[in-house]
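Here's the letter readout for the chains.
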Amino acid sequence: MDEKDIIFIEQLLYSTDKDYVLNQLKNIDKPLLLHYFAANYNWNSGFEAPTVILENENCDLGTGLLMFHYADGYRLLESSDEFSSSSLMEWKGFLRKIYNKLLNLDFQSQNISFDPELSKIQKYKLKKNNPEIPDVLISKSPGEEIDIPKI
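Participant: Quick rundown of the side chain of Ser 113? Include the residues and the values.
Facilitator: Relative to the helices and strands, Ser 113 is located in the loop between helix H8 (89–103) and helix H9 (120–129). A polar side-chain atom of Ser 113 sits 2.8 Å from the main-chain carbonyl oxygen of Ser 141. Look past the residues within four positions of Ser 113 in its chain and what remains in contact with it is Lys 140, Ser 141, Pro 142, Gly 143, Glu 144 and Glu 145.

Quick look at the structure:
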């Protein structure tokens, strides 16, 4: 990624014009830029931007997995009852959408690898509580491993 791309992502991350940011995210055609944005996104800022990334046809499977885990998808895997009883409707809606997209492998590319870095014990506990958890949600995704710059 060149300096121009880093400056562009930095401008999006720190822009106060939400409509501008969402419009730019809709039109990004480089999966890596979407990945870098998602990895550096302030998840306390809501789920509009991550939803736009998820709906962008250039969103890679690795970026989807990253967003699932960065949005605390582990809590959904750990206890679906606790997840269902949560009052955080926007969070629940986003996680349901990304969960289904990951299960269906509904991504045009799988070129960016993301590793949720769950320990063997964490994976064991998840599988013990719910043997039906698909590996795609808890294992490293296919693709090239990349270093994510802190922007």
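Participant: Got a sec to walk through the pattern of salt bridges? Specific residues and values, please.
Facilitator: Applying the stated criterion across every chain, the model contains six salt bridges. One salt bridge in this structure joins Glu 55 and Lys 97, with 3.1 Å as the shortest N-O distance. With Glu 55 in helix H4 (residues 48–55) and Lys 97 in helix H8, this residue pair connects regions lying 42 residues apart in the sequence. In this structure, Asp 135 engages Lys 127 in a salt bridge whose closest nitrogen and oxygen atoms are separated by 3.2 Å. Accessibility expressed as a relative area gives 46% for Asp 135, which makes it partly exposed. For Lys 127, a relative accessible area of 27% gives the class partly exposed.

Participant: Please give an account of the environment of Leu 105 that cites residues and values.
Facilitator: You can see Leu 105 is positioned in the loop between H8 and H9. The sequence separation of Leu 105 and Ser 80 amounts to 25 residues, and the corresponding C-alpha distance is 21 Å. Ignoring anything within four residues of it in the chain, the contact list for Leu 105 reads Leu 61, Gln 110 and Val 136.

Participant: A description of the environment of Phe 83 should follow, citing residues and the corresponding values.
Facilitator: Following the sequence through the fold, Phe 83 ends up in helix H7 (residues 80–85). Its relative accessible area of 5% is what places Phe 83 among the buried residues. Phe 83 sits ten residues away from Gly 73 along the chain, and the two C-alpha atoms are 9.4 Å apart. Leave out the neighbours within four places in its chain, and Phe 83 touches Leu 76, Trp 91, Lys 92, Leu 95 and Arg 96.

Participant: Hey, could you go over the nonpolar core for me, with residue numbers and the actual values?
Facilitator: Counting residues in hydrophobic clusters, the biggest one holds 43 residues, and the most contacted among them are Leu 25, Phe 37 and Met 67. Elements represented by at least two residues in this core include exactly helix H1 (3–14), helix H2 (18–27), helix H3 (31–40), H4, helix H5 (61–70), helix H6 (73–78) and H8. If near-sequence neighbours (up to four positions away) are discounted, Phe 37 is found in contact with Ile 9, Leu 12, Leu 13, Val 21, Leu 25, Ala 49 and Ile 53.

Participant: Can you tell me about the layout of surface pockets, naming the residues and giving the values?
Facilitator: Taken as a whole, the largest pocket spans an internal volume of roughly 280 Å³. In terms of lining residues, the largest pocket is bounded by 18 residues, among which Leu 13, Ser 15, Val 21, Tyr 41 and Ser 45 are the most central. Elements represented by at least two residues in the lining of the largest pocket include exactly H1, H2, H3 and H4. The residue makeup of the lining of the largest pocket, split by class, is nine nonpolar, six polar and three charged. Size it by volume and the second largest pocket reaches roughly 220 Å³. What lines the second largest pocket is simply His 35, Tyr 70, Ser 113, Phe 114, Asp 115, Glu 117, Lys 140, Glu 145, Ile 146 and Ile 148. Of the residues belonging to the lining of the second largest pocket, the class tally is four nonpolar, two polar and four charged.

Participant: Break down the packing of aromatic side chains for me, citing the residues and quoting the values.
Facilitator: Evaluated as defined, the whole model comprises eight aromatic pairs. Taken together, the ring pairs connect Phe 37, Tyr 41, Trp 43, Phe 47 and Phe 94 into an aromatic cluster.

The rules behind each value
Residues numbered from 1 in each chain as written. Predicted model: local features only at pLDDT ≥ 70, side-chain atom pairs only at ≥ 80, totals over all residues. Heavy atoms only, no water. Helix = DSSP H or I, 4+ residues; strand = E, 2+ residues; numbered from the N terminus. Polar contact = N/O pair within 3.5 Å; in protein donor to acceptor, adjacent residues only side chain to side chain. Contact = heavy atoms within 4.5 Å. Salt bridge = Lys/Arg side-chain N within 4 Å of Asp/Glu carboxyl O. Buried < 20%, exposed > 50% of the residue type's maximum accessible area, 1.4 Å probe, protein only. Core = buried A, V, L, I, M, F, W, Y, C linked by side-chain atoms within 4.5 Å. 1 Å grid on protein atoms, 1.4 Å probe; cavity = no way out; pocket = protein on both sides within 12 Å on 5 of 7 lines; lining within 4 Å. Points joined across faces, edges and corners; volume = space filled by probe spheres on them. Nonpolar A, V, L, I, M, F, W, Y, C, P; charged D, E, K, R; others polar. Phe/Tyr/Trp six-rings, centres within 6.5 Å; stacked < 30°, edge-to-face > 60°.

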